[in-house]
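The primary structure of each chain is shown beneath.
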Amino acid sequence: MSRGMPRLPRPLMDLWDWQSQAACRDVNPELFFSPESERGVRKRAREMVAKSLCGTCPVQPECRQHALSVGEPYGVWGGTTESERDNTLLPEHRKSA
């Protein structure tokens, strides 16, 4: 292999292996993603339950980092809601990137 050739990407399994350890791996995804019509108290209650599960998760940092890296626009990821990522974490993540 010559020095000028780019390195091959890491195998996809290495990039996603953290998901197999996630506390949510066997949970209905509807807990983390709101229906389009969901608003107000109902949405906040669902997000609170999802975030409490995230609080028990051994891979919460990896999940949050993934959501920030790809700009995930939907759902609760790594204990953060859509608005928390948009308003608080994503601008800070962009500065440090």
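Residues numbered from 1 in each chain as written. Predicted model: local features only at pLDDT ≥ 70, side-chain atom pairs only at ≥ 80, totals over all residues. Heavy atoms only, no water.

- As recorded in an unreviewed UniProt entry, the protein goes by the name Transcriptional regulator WhiB, listed as coming from Kribbella capetownensis.
- Reading the Function (unreviewed entry) entry of the UniProt record for the protein gives the comment "Acts as a transcriptional regulator. Probably redox-responsive. The apo- but not holo-form probably binds DNA."
- Quoted verbatim from the Sequence similarities (unreviewed entry) field of the UniProt record, the comment on the protein reads "Belongs to the WhiB family." (UniProt positions renumbered as here; feature names shortened; annotations may be inferred.)

## Description of the nonpolar core
Okay, step 1: Residues Trp18, Ala22, Cys57, Val59, Cys63, Ala67 and Trp77 constitute the largest nonpolar core, which totals seven residues.
Okay, step 2: Once residues within four sequence positions are removed from consideration, Ala22 is found in contact with Cys57 and Val59.
Okay, step 3: In this structure, Leu31, Phe32, Cys54 and Val76 belong to the second largest nonpolar core, which totals five residues. (Core = buried A, V, L, I, M, F, W, Y, C linked by side-chain atoms within 4.5 Å. Buried < 20%, exposed > 50% of the residue type's maximum accessible area, 1.4 Å probe, protein only. Contact = heavy atoms within 4.5 Å.)

## Examining the environment of Lys43
Okay, step 1: Inspection of the secondary structure puts Lys43 in helix 2 (residues 40–54).
Okay, step 2: Sequence spacing of Lys43 and Phe33 is 10 residues, and the spatial spacing of their C-alpha atoms is 9.5 Å.
Okay, step 3: Not counting residues within four places of it along the chain, the set of residues in contact with Lys43 comprises Ser34, Glu38 and Glu82. (Helix = DSSP H or I, 4+ residues; strand = E, 2+ residues; numbered from the N terminus.)

## Considerations on helix 2
For an α-helix the count is 3.6 residues per turn, leaving residues at separations of three or four pointing the same way.
Okay, step 1: Its 15 residues place the ends of helix 2 21 Å apart at the C-alpha level, agreeing with the 21 Å of an ideal helix rising 1.5 Å per residue.
Okay, step 2: The complete set of buried residues in helix 2 reads Arg46, Glu47, Ala50 and Cys54. Mapping the buried residues of helix 2 onto a view down its axis gives an arc of 100°, with all of them on the same face. In this structure, helix 2 carries Val41, Arg44 and Met48 as exposed residues pointing more than 90 degrees from its buried face. (Expected span 1.5 Å × (residues − 1). Arc of directions from axis to C-beta.)

## Quick look at the side chain of Glu82
Okay, step 1: The residue Glu82 is located in helix 4 (residues 82–96) in this model.
Okay, step 2: In this structure the side chain of Glu82 is engaged in a polar contact, spanning 2.7 Å, whose partner is the backbone nitrogen of Gly75.
Okay, step 3: Leaving out residues up to four positions away in the same chain, Glu82 has contacts with Lys43, Pro73, Tyr74 and Gly75. (Polar contact = N/O pair within 3.5 Å; in protein donor to acceptor, adjacent residues only side chain to side chain.)

## Notes on the layout of surface pockets
Remark: the empty space left among the atoms is shown by a probe the size of a water molecule rolled over them.
Okay, step 1: The calculated volume of the largest pocket comes to roughly 310 Å³.
Okay, step 2: Considering the residues around the largest pocket, the lining is formed by 19 residues, among which Cys24, Phe32, Cys63, Val76 and Trp77 are closest to the centre.
Okay, step 3: Per-class residue counts for the lining of the largest pocket are 15 nonpolar, three polar and one charged. (1 Å grid on protein atoms, 1.4 Å probe; cavity = no way out; pocket = protein on both sides within 12 Å on 5 of 7 lines; lining within 4 Å. Points joined across faces, edges and corners; volume = space filled by probe spheres on them. Nonpolar A, V, L, I, M, F, W, Y, C, P; charged D, E, K, R; others polar.)

## Some remarks on the UniProt feature "binding site: [4Fe-4S] cluster" (unreviewed entry) in the protein
Okay, step 1: Per the UniProt entry, the sites bearing "binding site: [4Fe-4S] cluster" (unreviewed entry) are Cys24, Cys54, Cys57 and Cys63 in this numbering. Over a stretch of 40 residues, the named residues converge on one spot in the fold, their C-alpha atoms separated by at most 10.8 Å. In the annotated set above, the residues contributing to the lining of the largest pocket are Cys24, Cys54, Cys57 and Cys63.
Okay, step 2: Relative accessible area serves as the criterion here: at 32%, Cys24 is assigned to the partly exposed category.

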